[in-house]
Amino acid sequence: MSDFELLLREQAPQVLSALVRHYGHFDLAEEAVQEALLAAAQQWPGEGVPDNPKGWLIRVGSRRLMDLLRSDTARRRREENAANLAAPEEFVAQGPEIDDLGGRDDTLTLLFLCCHPALSAASQIALTLRAVGGLTTAQIAAAFLVPETTMAQRISRAKRSIKQAGSTFELPPEAERDARMGAVLHVLYLIFNEGYTASSGTDLHSAELTTEAIRLVRGVRRLLPDDGEVAGLLALMLLTDARRPARTDADGGLIPLADQDRSLWNKAAIVEGEALVTDALSRSQLGPYQVQAAIAAVHDTAERAEDTDWPQIVALYQVLEQLSDNPMVTLNHAVAVAMASGPKEGLALLEPLEADGRLADHHRLEAVRAHLLEMSGDLVGARESYLLAARRTTSVPERAYLTAKADRLGS
Amino acid sequence: MLLIYSNAESWAGLSAEQREGLGRSHQELTRELTEHGLLVSAAGLADPITTRTVSVRDDGLTTTDGPYAEAKEHLAGFYLVECETIDEAIGYAARMPDAQYLAVEVRPVMEMSGLEM
């Protein structure tokens, strides 16, 4: 991403917040900001960046918003034939200059709005990337491999839903804030995962999403420096992303953690992530992102795979299981137990998962079973499980990996 | 991917009214999926009489007329939709009249991504 593009993306949420706080109309303001960003992208490279880029964007955005409000009012008047609607001039009366933001940063309010519970996860992600991340619809569509028209529909529908929910531009009430904050962090985590899991192969578009998710969660951390889960999520992203250079081979095939060339891992990201999570654990209320980050830190700080402190990872998974009811956590716990105490103990932990509808037919359960059977010496059973897991996955690199494991065990 | 199956008999057996209803249902479904931002692509396929099946053996290319699978049933059209769960996709498949006349098949699409196992 160029410095220039980064500058625009950093301004986007602040410009949008200023317009929404001043005029309301989140849906139209969002459109106006996108157009101001596009205008900047066209004009600034030739004419140079103005002295006050934020002020420039707010001025252009305001003008565009007024045009949109006028046409919206006119359209509605035609549609409803309501003679008593306020005149457009009154409706969008020139307010005081809003270049001065009074030092307030409403990015958090904006995030809460984009992660509104009335929206589906897919819509929350799309709207957050556009309104807070400043990405264009085309960029978001490319990252999610859907046509631009599909993404445009998703975004405008999300804006309509927010309008219908009657949301105003203010922080949710105290009582709701924790739950809503959970949704915000979850959306940022989903954005990261979308980029991380898709960063194999030739898909360069999606790798950018991990960078964007890290940038956004850094922004949230600047606003909430004492929130342990925000720090935990940032640490988790850094510690996971640090392994990216080593997790795929030249052909885009997946390399399991144990086989990765650890000299390729991003040392700076590991140091930063570890420091963040250590600090958060020592002085904040414990939460799942911090624990997941701590697990990632144990992996990342082992010089060799065989140096991994599995008993500590087992202990952390036990904590994590208490914090969240998620069968995927139990599955990872079983792997850690097998590494610490042997495959039989690990396999025993898988039994209750077979009755869990959320995971019973999931390829990950079968892949883990295959791995633990192989460890226990049951090569015939392992091969069968690898092949079943390979048939169940919808991921091309995972299927290749699982099939290769089965092949290696002979027929 | 929602795959719509048909056969010549069942298509011929439909009344004009049923055919009209079929077209209308698909229009409505397409509009709804588009509005929800879920539709990636959709198309009806031309009659199997127009199909060519291509195979390359020992560097030699042969084409034969008609579909590859020698069955009465043929693929008549498809939708590619983004759904959170298979059940959501099944819900959309069930709304196609084709599911009453013959069948609609729901299959996940492979992705080029994955986790470090």
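Criteria and thresholds
Residues numbered from 1 in each chain as written. Chains lettered and ligands numbered in written order. Predicted model: local features only at pLDDT ≥ 70, side-chain atom pairs only at ≥ 80, totals over all residues. Heavy atoms only, no water. Pairing = 2+ DSSP bridges. Helix = DSSP H or I, 4+ residues; strand = E, 2+ residues; numbered from the N terminus. Axes fitted to C-alpha atoms, helices over the stretch in contact; angles between N-to-C directions. Contact = heavy atoms within 4.5 Å. Phe/Tyr/Trp six-rings, centres within 6.5 Å; stacked < 30°, edge-to-face > 60°. Buried < 20%, exposed > 50% of the residue type's maximum accessible area, 1.4 Å probe, protein only. Lys NZ or Arg CZ within 6 Å of the ring centre and 35° of its normal. Buried area = accessible area lost by both parts, 1.4 Å probe. Salt bridge = Lys/Arg side-chain N within 4 Å of Asp/Glu carboxyl O. Polar contact = N/O pair within 3.5 Å; in protein donor to acceptor, adjacent residues only side chain to side chain. 1 Å grid on protein atoms, 1.4 Å probe; cavity = no way out; pocket = protein on both sides within 12 Å on 5 of 7 lines; lining within 4 Å. Points joined across faces, edges and corners; volume = space filled by probe spheres on them. Nonpolar A, V, L, I, M, F, W, Y, C, P; charged D, E, K, R; others polar. Core = buried A, V, L, I, M, F, W, Y, C linked by side-chain atoms within 4.5 Å.

Peer 1: Explanation requested: the sheet that holds strand β1 (residues 2–7) of chain B in the structure shown.
Peer 2: Strand-to-strand pairing in sheets goes through backbone hydrogen bonds, with the strands running parallel or antiparallel. Residue and element names in this part refer to chain B. Read from one edge of the open sheet, 4 strands run β2-β5-β1-β6, paired in antiparallel fashion. At either margin of the open sheet sits one strand with a lone partner, and together these are β2 (39–44) and β6 (103–106). The sheet shows a mean angle of 25° between the axes of neighbouring strands, direction not considered. Contacting β1 and β6, helix α3 (residues 86–94) crosses the sheet at an angle of about 160° to β6.

Peer 1: How should I be thinking about the packing of aromatic side chains in this particular structure?
Peer 2: Remark: the centre distance and the inter-plane angle together describe each pair of aromatic rings, the angle taken between the planes. Under the defined criterion, the tally for this structure stands at 4 aromatic pairs over all chains. Summarising the aromatic geometry, the rings of A:F4 and A:W44 are spaced 6.2 Å apart at their centres and angled 75° between planes, so their arrangement reads as edge-to-face. In this pair, A:F4 sits in helix α1 (residues 3–23) while A:W44 sits in helix α2 (residues 26–47), placing the two residues 40 residues apart along the sequence. Of the residues examined, A:F4 reaches a relative accessible area of 24% and is grouped as partly exposed. For A:W44, a relative accessible area of 2% translates into the label buried. Look at A:W44 and A:W56: their rings are 5.1 Å apart centre to centre, the planes differ by 70°, and that puts the pair in the edge-to-face class. With A:W44 in helix α2 and A:W56 in helix α3 (residues 53–80), this residue pair connects regions lying 12 residues apart in the sequence. The class for A:W56 is buried, based on a relative accessible area of 15%. Three or more aromatic residues joined by ring pairs make a cluster, and in this case those are A:F4, A:W44 and A:W56. For A:R247, the ring lying beneath its charged end belongs to A:Y196, and the centroid distance is 4.0 Å. One residue, B:R19, lies across the ring of B:W11, its end atom 5.0 Å from the ring centre.

Peer 1: For this particular structure, what's the right way to read the interface of chain B and chain A?
Peer 2: For an interface, size is often stated in terms of accessible area lost upon the parts coming together. In this assembly, 19 residues from chain B lie in contact with 31 residues from chain A. At the boundary of chain B with chain A, total buried surface from both sides reaches about 2,200 Å², with 55% on carbon and sulfur atoms. Counting across the interface, chain B meets chain A through 1 salt bridge. Across the contact surface, chain B and chain A share 6 residue pairs in polar contact (both at pLDDT 80 or more).

Peer 1: What am I meant to see in the layout of surface pockets here?
Peer 2: One way to see where empty space is left: roll a probe the size of a water molecule over the atoms. All names here are of chain B. Its volume calculated, the second largest pocket comes out at about 450 Å³. Residue lining of the second largest pocket: 26 residues in total, with S6, W11, L22, A76 and D98 positioned closest to the centre. Sorting elements by how many residues they give to the lining of the second largest pocket places strand β5 (residues 73–81) first, with 5 residues. Looking at side-chain class alone, the lining of the second largest pocket contains 16 nonpolar, 8 polar and 2 charged residues.

Peer 1: Sorry, what's going on with the pattern of salt bridges here?
Peer 2: Pairs may arise between side chains of opposite charge once their charged atoms sit close together. All names here are of chain A. With the rule as written, the count across this model stands at 32 salt bridges over all chains. Residue E272 pairs with R218 through a salt bridge whose shortest N-O separation is 2.7 Å. Pair noted here: E272 is in helix α12 (residues 267–283) and R218 is in helix α10 (residues 204–223), with a separation of 54 residues, a long-range link. Linked by salt bridges that have partners in common, E5, R9, E208, E212 and R215 make up one network.

Peer 1: Looking at this structure, I do not really get the nonpolar core. What am I missing?
Peer 2: All names here are of chain A. In this structure, F26, L57 and L188 are the most contacted members of the largest nonpolar core, which totals 101 residues. Here the element with the most residues in this core is α2; it accounts for 10 residues. Leaving out residues up to four positions away in the same chain, L188 has contacts with T128, A213, L216, V217, V220, L233 and M237. Membership of the second largest hydrophobic core comes to 21 residues, among which are L353, L372, A382 and L402.

Peer 1: Mind showing me how you'd approach the side chain of A:T128 here?
Peer 2: Topologically, A:T128 is positioned in helix α6 (residues 121–132). The residues touching A:T128, leaving out its near neighbours within four places in the chain, are A:L111, A:C114, A:C115, A:G133, A:V187, A:L188, A:I191 and A:L216.

Peer 1: Sorry, what's going on with the pairing of β1(B) here?
Peer 2: In summary, the side chains of a regular strand alternate between the two faces of the sheet. All names here are of chain B. β1 sits mainly inside the fold: 5 of its 6 residues count as buried. Of the strand pairs in this sheet, β1 and β6 are connected by 4 bridges, and their pairing is antiparallel. Its bridge partner being in β6, L3 is matched across the sheet by E105.

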